[in-house]
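# Structure assessment
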Amino acid sequence: MFDALAERLEDAWKKLRGQDKISETNIKEALKEVRRALLEADVNLQVVKTFISEVEKQALGAEVISGVRPDQQFVKIVYDELVNVMGESNAPLAQADTPPTVILMAGLQGTGKTTATAKLALYLRKEKRSCLMVATDIYRPAAIDQLITLGQQIDVPVFELGKDVNPVEIAKQGVAKAREMGVDTVIIDTAGRLQIDPEMMAELAQIKATVQPHDTLLVVDAMTGQEAATLTRTFHEEIGITGAIVTKMDGDSRGGAALSVRCISGQPIKFIGVGEKVEALQPFYPDRMASRILN
Ligand code: GDP
């Protein structure tokens, strides 16, 4: 299953073979290889350091189980720890006691936020939860139309007030509209910039304070690799997220961004995006992501 990691650990293993205990000296090379593998998978350096020291702690002095090669045991420790830190499987979306549940989407431009908004709406619709999507991105000319088109495609209504109304006001009225319509969930798509900028953060914080979302989801592009860490830290510190959606997992990234997002925010990854189509959304499974990162 982790052939790639096992292969690259080949030399390190030689040192482990024939030993009855995993020790600081015989594990050094192996840890170095794990570190390299994680960095190649684009996991943030700080996250890698924390992870490696945890694996070392667990591996050191671990009694070698008879019949199990220490190298195999070591791979298992690494894998289990990776699954463990990646958090829960299939973390559910928030559901308010009194509808509507408010979900706020956050993230940079181009990460797949608008697409993820529609993907989520479709997912919820399949769960028999009715939705309203709210278009507050008044800055990107095509964003509102994009959401309307997606809404038509999945048969979910879209609330918009054009591009001359303040996004905070649009969000507020959107939630009021959802209440009036009696829908179960309202998903607010927000504006993203190409880079984190203070104005965007302030606006997002204001929307959040106004609509008091039950879930604030950060949309992160898996292809951004190392950048995912900085992005997560900033969004989490400035607005506070309650979960994430990692998009573009159908690309060739190894998924290190997912580990960074989880470790830095401590919040669950709720879904992954696996394509451009509105159906291309999957629940997050830490074991699958761990295998992908290690391979
Ligand atoms: P936004 O600016 O964050 O709202 O991003 P969009 O939703 O407009 O998406 C930007 C581009 O990424 C579009 O071309 C989408 O079709 C594409 N996209 C979004 N999610 C995924 C995904 O999971 N996989 C792939 N391959 N493309 C995606």
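Residues numbered from 1 in each chain as written. Predicted model: local features only at pLDDT ≥ 70, side-chain atom pairs only at ≥ 80, totals over all residues. Heavy atoms only, no water.

If you look the protein chain up in an unreviewed UniProt entry, it shows as Signal recognition particle protein from Spirulina subsalsa FACHB-351. Quoted verbatim from the Function (unreviewed entry) heading of the UniProt record, the comment on the protein chain is "Involved in targeting and insertion of nascent membrane proteins into the cytoplasmic membrane. Binds to the hydrophobic signal sequence of the ribosome-nascent chain (RNC) as it emerges from the ribosomes. The SRP-RNC complex is then targeted to the cytoplasmic membrane where it interacts with the SRP receptor FtsY." (UniProt positions renumbered as here; feature names shortened; annotations may be inferred.)

## Observations concerning the pattern of salt bridges
Per the stated rule, a full pass over the model turns up 11 salt bridges. Taking the shortest distance from any N to any O, the salt bridge between E54 and K57 comes out at 3.3 Å. Of this pair, E54 and K57 both sit in helix 4 (residues 45–59), three residues apart, which is roughly one turn of the helix. Overall, the relative accessible area of 26% leaves E54 in the partly exposed class. The exposed category is assigned to K57, whose relative accessible area is 61%. The salt bridge involving R129 is made with D184; its shortest N-O contact spans 2.7 Å. With R129 in the loop between helix 6 (113–126) and strand 2 (131–135) and D184 in the loop between helix 8 (167–181) and strand 4 (185–189), this residue pair connects regions lying 55 residues apart in the sequence. (Salt bridge = Lys/Arg side-chain N within 4 Å of Asp/Glu carboxyl O. Helix = DSSP H or I, 4+ residues; strand = E, 2+ residues; numbered from the N terminus. Buried < 20%, exposed > 50% of the residue type's maximum accessible area, 1.4 Å probe, protein only.)

## Describing the packing of aromatic side chains
Going through the model one piece at a time under the given rule, you end up with one aromatic pair. Residues Y123 and F271 carry aromatic rings whose centres are separated by 4.8 Å and whose planes lie at 75° to one another, so their mutual orientation is edge-to-face. Residue Y123 is located in helix 6, and its partner F271 is located in strand 7 (residues 269–273); the two are separated by 148 residues in the primary sequence. Here Y123 falls in the partly exposed class, since its relative accessible area comes to 25%. A cation over a ring is seen here: R193 above Y139, with NZ or CZ 4.6 Å from the ring centre. (Phe/Tyr/Trp six-rings, centres within 6.5 Å; stacked < 30°, edge-to-face > 60°. Lys NZ or Arg CZ within 6 Å of the ring centre and 35° of its normal.)

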